[in-house]
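Overview (structure and organization)
Residues per chain, in single letters:
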Amino acid sequence: AKLAGHRAVLEAAYAFQRFHAPEITAAGKYPPANSMVLGCGVAGLAAMGTSKALGAVVRAWDVRDVSDQVASMGASWIKVDFEEDGAGAGGYAKESSKEFMEAQRATFHKNCKECDIIITTAAIPGRPSPKLIEDYMVKDMKPGSVIVDLAALGGGNCTMTKPGEKYVTDNGVTIIGYMDGPGRMASQASQMYAQNMFNLVKHISPKEGASALMPLIDGHLAKGEEGDIVTRSIVCCKDGKAIEMPPPPQPTPPKPKKEAAPKKEVAPPDPFKEAAMNALTVTGAGAGILGMGAGCAGDMAMLANLGTFTLAGAAGYQVVWGVAHALHTPLMSVTNAISGTTALGGLMLMGSGNTGAEVLAGTAVAVSSVNIVGGFVVSKRMLDLFKKPGQPEHSYMLLAPGAVLTAAPFADPALIPATGVVSSLLCIGSIGALANVKTAFGGAYMGMSGVAGGLAATLAAMPPAALPAAGALLAAGGAGGAVLGAQVSPMALPQTVAAFHSLVGFAAMITAIGSHMLHPDANAVHKTAAILGNFIGGVTLTGSLVAFGKLNGNLGSAPMNLPAKNLLNAAMLAGQIGMMSSYLGSSGGMPEMVATAALSSVMGVHLVGSVGGGDMPCCITVLNSYSGWALVAEGFLLNSPVLTIVGSLIGCSGAILTKIMCDAMNRDIFNVLFGGINTVAPVKGQDTGPKEHVETSVAAVAELLANAREVLVVPGYGMAMARAQGAMGEVANVCRANKINLKFGVHPVAGRMPGQMNVLLAEAGVPHEWVLEMDEVNPDMESNDVVLVVGANDVVNSAAQELEGCAIWGMPVIEVWRAKKVIFCKRSMGGGYADLDNPVFYKENTDMLLGDAKKTADALAAKVRERLERV
């Protein structure tokens with residue numbers, strides 16, 4: 001059958017006398033041949049493979065639903081609009097009903113008019129071949145067309161077939177009814193037959209050789225029904241007695257599908273406990289604020305700052321929760337730029353006359369201005385990716401408030417406090433504007449205006465003699481930030497944000513030390529703010545540098561599990577508390593400030609180094625929050641409402657993002673905050689699924705996409721690493737243009753920072769309306785004909801629901817395995833960040849498209865375009 005299918009295509013190509021593959025030459029453009037294969041047994045599949053190899057466009061049909069096999073061969077499936085199970089015994093087709101045959105004839109008639117070559121292989125052992133192609137269908141075929149009827153021995157699938165003959169009809173259709181296809185490839189047929197015979201004999205006598213063949217046959221027959229079934233099937237008689245043929249073995253029954261384990265019923269929340277917890281939380285927060293107020297007694301400026309801090313925190317909490325998931329990366333970038341207001345602290349210390357404090361203050365101004373300008377340049381570039389071609393954008397007009405705020409405090413110093421208030425409101429508004437894509441552009445410009453107003457208010461209050469140096473430092477740092485921001489690619493955003501966080505931490509730390517140098521005998525509240533700003537700044541500085549190294553590949557992603565790491569953290573924290581107590585009780589305190597800077601830097605390295613690479617998205621958001629709390633400490637230290645408001649806003653933003661990320665990854669927030677304090681629980685179950693995966697080809701996947709109506713693409717960090725988002729964007733555009741509803745499903749933690757996949761898809765020109773969140777795609781997963789997973793693993797790993805106690809147990813994932821067909825496009829069968837095998841790889845509806853994501857995606861885009869252009 002294999003040889004017959006192959007030979008049928010060669011006979012057809014010889015009789016067709018035209019190109020099989022599409023050709024574009026100086027002599028004209030020629031389309032590919034359209035071939036139809038009827039019957040998808042061994043011969044039919046061989047015919048499909050050879051036809052595709054010659055470049056033809058192939059369609060196929062069978063009474064059994066073998067559309068998946070047809071698609072795997074790169075052919076399209078012909079569907080007869082009539083439901084009937086055509087599977088018979090032994091894998092052959094069974095006879096069809098009269099009603100089915102009528103619907104079938106109509107379908108075949110339509111396809112005959114369109115096809116150049118038809119190869120029929122439908123044969124039923126012991127019965128006449130079914131008539132699939134009738135006279136009137138042949139008469140409607142194009143002149144020069146060819147029919148090869150491999151069922152000629154049983155009378156043929158075509159009513160006009162002449163068994164054993166080849167002839168041309170009156171309308172120029174060549175009909176080939178040869179019955180000796182394998183004999184026309186005698187050498188190959190003999191070789192295959194000989195190999196089969198050799199394998200048969202080798203089965204009976206695998207090791208002993210020829211001398212033991214007959215004794216082994218005798219031994220197998222002597223055992224009766226216990227003897228080898230192959231031996232008993234090939235021996236017809238022995239010692240003059242006929243040997244009865246044993247019944248054929250029963251086919252292996254299909255493996256029953258495992259029923260999904262029932263979900264554990266979650267007990268309804270206890271209203272009393274909820275109310276008690278809420279009351280306890282509010283009471284605790286209130287008591288904390290009262291305690292801070294008691295420490296500020298008598299200091300009206302500090303009391304006012306305390307009120308500003310609490311109100312700004314409440315406003316920031318409400319604003320940040322409204323930010324769209326797709327804009328979490330721009331959110332972090334904008335808050336990172338605003339956190340550069342640590343420059344205000346440095347400016348407030350300049351002009352003091354203390355050389356040491358001046359150096360530290362100037363350094364803080366320079367590094368902070370790098371953060372401000374670089375952060376806003378990166379934010380603007382990211383948001384531009386979400387803008388549609390030709391979309392009018394006039395949000396730059398929101399720079400006008402910044403111009404007014406910049407001039408106001410210099411025109412009238414009495415407006416300095418009011419300028420700070422408006423600047424703070426603009427910073428809060430910039431976060432609120434990130435609630436959706438339409439207003440996000442304005443949010444970036446509002447942030448720029450807010451920071452500009454804050455800088456102007458601070459500069460206007462400085463000694464005039466310090467202004468030239470301050471201006472030069474701001475300009476130099478800003479120029480450096482502009483250069484860095486313009487060079488950053490969307491792929492490098494996570495490590496860039498981490499690097500910018502380190503600048504904020506460094507500025508906060510040295511500003512706190514500089515302030516102590518100027519005010520060594522400040523009151524307890526100011527000294528508390530100074531040492532806390534120093535401590536948080538040091539942790540943020542080195543922790544961000546370690547995060548940068550892990551994300552950038554300079555450091556390994558594995559956690560740094562030192563012996564007794566939890567005791568080390570506890571000891572360092574206890575040491576810091578001891579130094580803080582000593583500092584508050586001393587008249588000098590510079591040794592404690594220097595020791596705090598050193599110890600906090602070591603803690604930052606250990607805390608972040610102890611977190612694995614898979615938790616880096618959470619770590620970045622924690623560091624973002626830390627930079628905000630460092631600003632709050634600096635605001636209390638310098639009595640700056642602007643710093644307090646902005647710091648509270650950024651601290652809340654980072655904390656909320658951390659909560660969202662930890663929930664999405666099912667991570668313990670304390671495990672992230674305290675450097676992997678907990679270890680993963682042991683696995684309670686074992687993955688007992690099959691370990692055999694099925695690989696596919698680019699052509700087969702392109703065919704699946706071309707025949708689909710609903711397609712979901714789930715991108716992951718592998719797509720980002722391979723820079724394959726452009727090719728996937730092209731696939732999306734081609735599918736959408738051909739009425740295939742392709743959409744993207746993005747997990748909250750796909751990539752290495754919140755929202756990174758959204759930014760990369762926007763860079764590839766994918767409209768944000770096509771990109772959906774996990775909660776939007778999971779409910780309708782069964783409706784997807786094809787799910788294409790590109791470079792993702794952990795976020796689509798069913799072990800999160802099937803393997804209790806594994807590293808990602810309980811983590812919400814995109815449930816791709818519920819779709820009709822799943823294709824994984826990845827480099828290898830390896831695990832993801834969690835280094836955990838993915839049971840979805842081995843499920844019945846999953847195929848693996850292994851290889852470099854960029855090359856595979858480019859090839860897939862070209863193949864999908866080529867395939868759909870033929871339609």
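Note that the structure is predicted; figures quoted are calculated from it, not measured. (Residues numbered from 1 in each chain as written. Predicted model: local features only at pLDDT ≥ 70, side-chain atom pairs only at ≥ 80, totals over all residues. Heavy atoms only, no water.)

1. Looking at the overall build of the protein
Rule in force here: Only DSSP runs of H or I reaching four residues or more are called helices, and only runs of E reaching two or more are called strands; each is numbered from the N terminus. Throughout this description, buried means an accessible area under 20% of the type-specific maximum (1.4 Å probe, protein chains only), exposed means over 50%, and partly exposed covers the range between. A contact between two residues is defined here by any heavy atoms of the two lying within 4.5 Å.
The helix and strand tally for the protein stands at 31 helices and 17 strands. Within the protein, the fraction of its 871 residues that count as buried is 49%. Counting contacts in the protein only where the partners sit at least 6 residues apart, residues at least 24 apart contribute 76% of the total.

2. Quick look at unusual backbone geometry
Positioned with a positive phi, Gln17 is a non-glycine residue whose angle comes to about 60 degrees. The backbone of Asn639 sits at a positive phi, close to 55 degrees, despite the residue not being glycine.

3. Thoughts on the nonpolar core
Formally: What we call a nonpolar core is a set of buried Ala, Val, Leu, Ile, Met, Phe, Trp, Tyr and Cys residues that are connected through their side-chain atoms within 4.5 Å.
With 71 residues, the main nonpolar core has Ile338, Leu347, Met350, Leu455, Met462, Met593 and Val646 as its most contacted residues. The greatest single-element share of this core, amounting to 10 residues, is contributed by helix α13 (residues 355-385). Other than its neighbours up to four places away in sequence, Ile338 contacts Phe376, Cys427, Ser430, Ile431, Val451, Val646 and Ile650. Listed in part, the 42 residues of the second largest apolar core include Ala720, Val734, Val790 and Val864.

4. Here's the deal with the packing of aromatic side chains
How we decide: Ring pairs shown here join Phe, Tyr and Trp side chains whose ring centres sit within 6.5 Å, with only the six-membered ring taken for Trp; geometry is labelled stacked below 30 degrees between planes, edge-to-face above 60, and tilted in between. Counting as a charge over the ring demands two things of the Lys NZ or Arg CZ atom: a distance within 6 Å of the ring centre and an angle within 35 degrees of the ring normal.
According to the stated counting rule, one finds 4 aromatic pairs in the structure shown. Measuring from centroid to centroid gives 4.9 Å for Phe824 and Phe841, while their planes differ by 80 degrees, and the two rings are edge-to-face. Note that Phe824 is positioned in strand β16 (residues 822-826) and Phe841 in the loop between β16 and β17 (846-850), a separation of 17 residues in sequence. You'll find Phe824 and Phe841 in the same group, each marked buried. Ring geometry for Phe841 and Tyr842: centres 6.2 Å apart, planes at 70 degrees, overall edge-to-face. An identical accessibility class is assigned to Phe841 and Tyr842; each is buried. Ring-pair connections join several aromatic residues into one group, and the members of that group are Phe824, Phe841 and Tyr842. The ring of Tyr178 carries the charged tip of Arg184 above its face, separated from the ring centre by 3.6 Å. Just above the ring of Tyr583 sits the side chain of Lys527; from NZ or CZ to the centre is 4.7 Å.

5. Some remarks on the sheet that holds β16
Here is the rule we go by: Note: two strands are recorded as paired if DSSP finds a minimum of 2 bridges between them. Axes, fitted as lines to C-alpha atoms, cover a helix only where it is in contact. Angles between the N-to-C directions of the axes lie from 0 to 180 degrees.
Here 6 strands make up an open sheet; going across it, the order is β14-β13-β12-β15-β16-β17 and the pairing parallel. Only two strands of the sheet have a single partner each, and these edge strands are β14 (771-773) and β17. Neighbour-to-neighbour, the strand axes of this sheet turn through a mean angle of 25 degrees, independent of strand direction. Sheet topology note: the strand β13 (residues 741-746)/β14 ladder contains 3 bridges and is parallel. Looking at β14, one finds that Phe744 is bridged to Val771. Sheet contacts for helix α25 (residues 698-707): β12 (710-715), β15 (786-790), β16 and β17; angle to β15, the most-contacted strand, approximately 135 degrees. Packing against the sheet, helix α27 (residues 725-737) makes contact with β12, β13 and β15, and its axis sits at approximately 145 degrees to β13.

6. A short note on the state of the cysteines
Stated formally: In this description, a disulfide is simply a cysteine sulfur pair whose atoms lie within 2.5 Å.
Within the structure shown, the criterion is met by 0 disulfides. A disulfide-free cysteine, Cys237 has its sulfur positioned 6.5 Å from the sulfur of Cys236, the nearest such atom.

7. A short note on the packing of α25 against helix α31 (residues 853-869)
For any two helices packed against each other, one specifies the crossing angle of their axes together with the interaxial distance. Condition: Roughly parallel here means an angle under 35 degrees, roughly antiparallel means over 145, roughly perpendicular means 65 to 115, and every remaining angle is called oblique. By convention, the crossing between two helices is left-handed when the near helix turns anticlockwise from the far helix through less than a right angle, and right-handed when the turn is clockwise. Residue type decides the class: Asp, Glu, Lys and Arg count as charged, Ala, Val, Leu, Ile, Met, Phe, Trp, Tyr, Cys and Pro as nonpolar, and the leftover types, Gly among them, as polar.
Between α25 and α31, whose axes approach to 9 Å, the crossing angle comes to 50 degrees. Classified by the interaxial angle, the pair formed by α25 and α31 is oblique. In this structure, α25 crosses over α31, and the sense of that crossing is right-handed. Where α25 abuts α31, its residues Val698, Ala699, Val701, Ala702, Glu703, Leu705, Ala706 and Asn707 lie against Thr856, Ala859, Leu860, Lys863, Val864, Arg867 and Leu868. Of the residues contributing to the contact of α25 with α31, the split by class is 10 nonpolar, 2 polar and 3 charged.

8. Focus: the pattern of salt bridges
A side chain of one charge can pair with a side chain of the opposite charge when the charged atoms of the two come close. The condition is simple: Criterion for a salt bridge: a side-chain nitrogen of Lys or Arg within 4 Å of a carboxyl oxygen of Asp or Glu.
Tallied over the entire structure, the rule returns 18 salt bridges. Here Arg818 makes a salt bridge to Glu782, at a shortest N to O gap of 2.9 Å. One end of the pair, Arg818, is in the loop between α30 (799-802) and β16; the other, Glu782, is in the loop between α29 (774-777) and β15, and 36 residues separate them in sequence. Note on Glu782: relative accessible area 43%, which makes it partly exposed. Among the salt bridges present, the one from Glu815 reaches Arg818, with a minimum N-O distance of 2.4 Å. When its relative accessible area of 25% is taken as the criterion, Arg818 is described as partly exposed.

9. Some points on helix α18 (residues 493-518)
Applicable threshold: Expected span of a helix: the number of residues minus one, times 1.5 Å.
With 26 residues, α18 extends 38 Å from end C-alpha to end C-alpha; this agrees with the ideal 38 Å at 1.5 Å per step. The element α18 is largely enclosed, with a buried count of 21 among its 26 residues.

10. So, a nonpolar patch on the surface
As a reminder, the rule being used: Only residues whose relative accessible area exceeds 30% and that take part in no salt bridge are eligible for patches, with like-charged residues grouped when within 9 Å of each other and nonpolar side chains (Val, Leu, Ile, Met, Phe, Trp, Tyr) grouped when within 5 Å. Here, Shrake-Rupley sampling with a 1.4 Å probe gives the accessible areas, and only protein chains in the shown set may cover a residue.
Among the surface-exposed residues, Met560, Leu562, Leu568 and Val605 lie close enough to one another that they form a single nonpolar patch of about 280 Å² accessible area. Within the secondary structure, Val605 sits in helix α21 (residues 590-609). Exposure remark for Val605: the relative accessible area of 36% places this residue in the partly exposed category.

11. Let's talk about the confidence of the model for the protein
Worth spelling out the cut-off: A score between 0 and 100, pLDDT records how confident the predictor is in each residue.
Taken as a whole, the protein shows an average pLDDT of 82; of its residues, 87% reach a score of 70 or greater. Below a pLDDT of 50 lies the segment residues 86-94, which in the model reaches 17 contacts outside its immediate sequence neighbourhood of four places, other chains included. Contacts for the low-pLDDT stretch residues 677-685, under 50 throughout, to residues beyond four places or in other chains number 18 contacts.

12. What about the sheet that holds strand β4 (residues 57-61)?
With mixed pairing, 7 strands are arranged side by side in an open sheet as β5-β4-β3-β6-β7-β9-β8. Either end of the sheet is taken by a strand with one partner, and the two such strands are β5 (76-77) and β8 (166-168). Running over the sheet, helix α4 (residues 98-114) touches β3 (34-38), β4 and β6 (117-120) and is turned about 170 degrees from β4.

13. Side note on the pairing of β3
Keep this limit in mind: Crossovers are described as right-handed under a simple rule: with the strands pointing away from the observer, the path leading from the first strand over the helix to the second runs clockwise.
Most of β3 sits out of view: 5 of its 5 residues are buried. Here β3 shows no split at all, with Asn34, Met36 and Leu38 on one side and Ser35 and Val37 on the other all buried. Since β3 and β4 lie parallel, the crossover through helix α2 (residues 42-54) that links them has a hand, and here it is right-handed. Where β3 meets β6, 4 bridges bridge the pair, whose relative direction is parallel. In the strand pairing of β6, Ser35 is matched with Ile117.

14. Thoughts on the environment of Ala357
Of note, Ala357 is situated in helix α13. Taking the C-alpha atoms as reference points, Ala357 and Gly346, separated by 11 residues in sequence, lie 9.2 Å from one another. Non-local contacts of Ala357, meaning those with residues more than four positions away in its chain, are made with Ser352, Gly514, Met517 and Leu518.

15. Remarks on the pairing of β4
Taking burial as the measure, the 5 residues of β4 include 5 buried ones, the bulk of the element. Of the two faces of β4, the one lined by Val57, Arg59 and Trp61 and the one lined by Val58 and Ala60 are each fully buried. Two elements, β3 and β4, share 5 bridges in a ladder whose sense is parallel. Within β4, the position partnered with Leu38 by the bridge is Trp61.

16. Some thoughts on the side chain of Asp847
Within the secondary structure layout, Asp847 lies in strand β17. Note on Asp847: relative accessible area 10%, which makes it buried. Contact partners of Asp847, with chain neighbours within four places excluded, come to Val694, Thr696, Lys821, Val822, Ile823 and Phe824.

17. Some remarks on the packing of α27 against α31
Two numbers describe how α27 lies on α31: the axes approach to 8 Å, and their chain directions differ by 15 degrees. Classified by the interaxial angle, the pair formed by α27 and α31 is roughly parallel. Relative to α31, the crossing made by α27 is left-handed. Every residue of α31 that contacts α27 at Ala727, Met728, Glu730, Val731, Val734 and Cys735 is listed here: Ala857, Asp858, Leu860, Ala861, Val864, Arg865 and Leu868. Here the contact of α27 with α31 is composed, by residue class, of 10 nonpolar, no polar and 3 charged.

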